[in-house]
Amino acid sequence: MTLIAIFFPFLSFILRGRILTGILCLILQITLIGWIPAAVWAVISLQNARADRRTERIVRAMRGN
């Protein structure tokens, strides 16, 4: 998924169900200069989503005990 975020940033958002963000990223990605910020944005967003899921699992485990 990280490779997709680097090479096809808009697709990374769309595959995670963030359609409007994906479209905005595609518009940014269309320009050659915008490709790098779009890729960075997609990778950071992917890492944040993973961290959020990890935090949710920890919170659920703590509430269960």
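Cut-off values and rules
- Residues numbered from 1 in each chain as written.
- Predicted model: local features only at pLDDT ≥ 70, side-chain atom pairs only at ≥ 80, totals over all residues.
- Heavy atoms only, no water.
- Phe/Tyr/Trp six-rings, centres within 6.5 Å; stacked < 30°, edge-to-face > 60°.
- Helix = DSSP H or I, 4+ residues; strand = E, 2+ residues; numbered from the N terminus.
- Buried < 20%, exposed > 50% of the residue type's maximum accessible area, 1.4 Å probe, protein only.
- Expected span 1.5 Å × (residues − 1).
- Contact = heavy atoms within 4.5 Å.
- Patch = residues over 30% accessible without salt bridge, like charges linked within 9 Å, V, L, I, M, F, W, Y side chains within 5 Å.
- Areas by Shrake-Rupley, 256 points an atom, 1.4 Å probe, with all protein chains shown as cover.
- Salt bridge = Lys/Arg side-chain N within 4 Å of Asp/Glu carboxyl O.
- Lys, Arg positive; Asp, Glu negative; His and termini not counted.
- Charge placed at Lys NZ, Arg CZ, Asp CG, Glu CD.
- Core = buried A, V, L, I, M, F, W, Y, C linked by side-chain atoms within 4.5 Å.

What follows concerns the packing of aromatic side chains. Under the defined criterion, the tally for this structure stands at 1 aromatic pair. Judged by centre distance (5.0 Å) and plane angle (50°), the ring pair of phenylalanine 13 and tryptophan 41 falls under tilted. Here phenylalanine 13 is found in helix H2 (residues 9-15), whereas its partner tryptophan 41 is found in helix H4 (residues 32-64), with 28 residues between them in sequence. Accessibility expressed as a relative area gives 31% for tryptophan 41, which makes it partly exposed.

Across its 12 residues, helix H3 (residues 19-30) extends 16 Å between first and last C-alpha, which sits within 8% of the 16 Å expected from 1.5 Å per residue. Elements that come into contact with the buried residues of H3 comprise helix H1 (2-7), H2 and H4.

Positionally, glutamine 29 belongs in helix H3. The class of glutamine 29 is buried, set by a relative accessible area of 5%. Residues within four places of glutamine 29 in sequence aside, it is in contact with Phe7, Phe8, Pro9, Phe10, Gly34, Trp35 and Ala38.

The next thing to look at is a positive patch on the surface. A surface patch of positive charge is lined by Arg53, Arg54, Arg57 and Arg60. With respect to the helices and strands, arginine 60 occurs in helix H4.

Take the side chain of serine 12 next. Turning to its location among the elements, serine 12 is positioned in helix H2. Serine 12 sits in the buried class, given a relative accessible area of 0%. Residues contacting serine 12, with those up to four places away along its chain left out, are Met1, Ile4, Ala5 and Ala42.

As a rule of thumb, soluble globular proteins bury nonpolar side chains together. Ala5, Phe13, Cys25, Ala38, Ala42 and Leu46 together form the largest nonpolar core, which totals 6 residues. By residue number, the principal contributor to this core is H4, which donates 3 residues. Excluding residues within four positions of it along the chain, alanine 42 makes contact with Ala5, Pro9, Ser12, Phe13 and Arg16.

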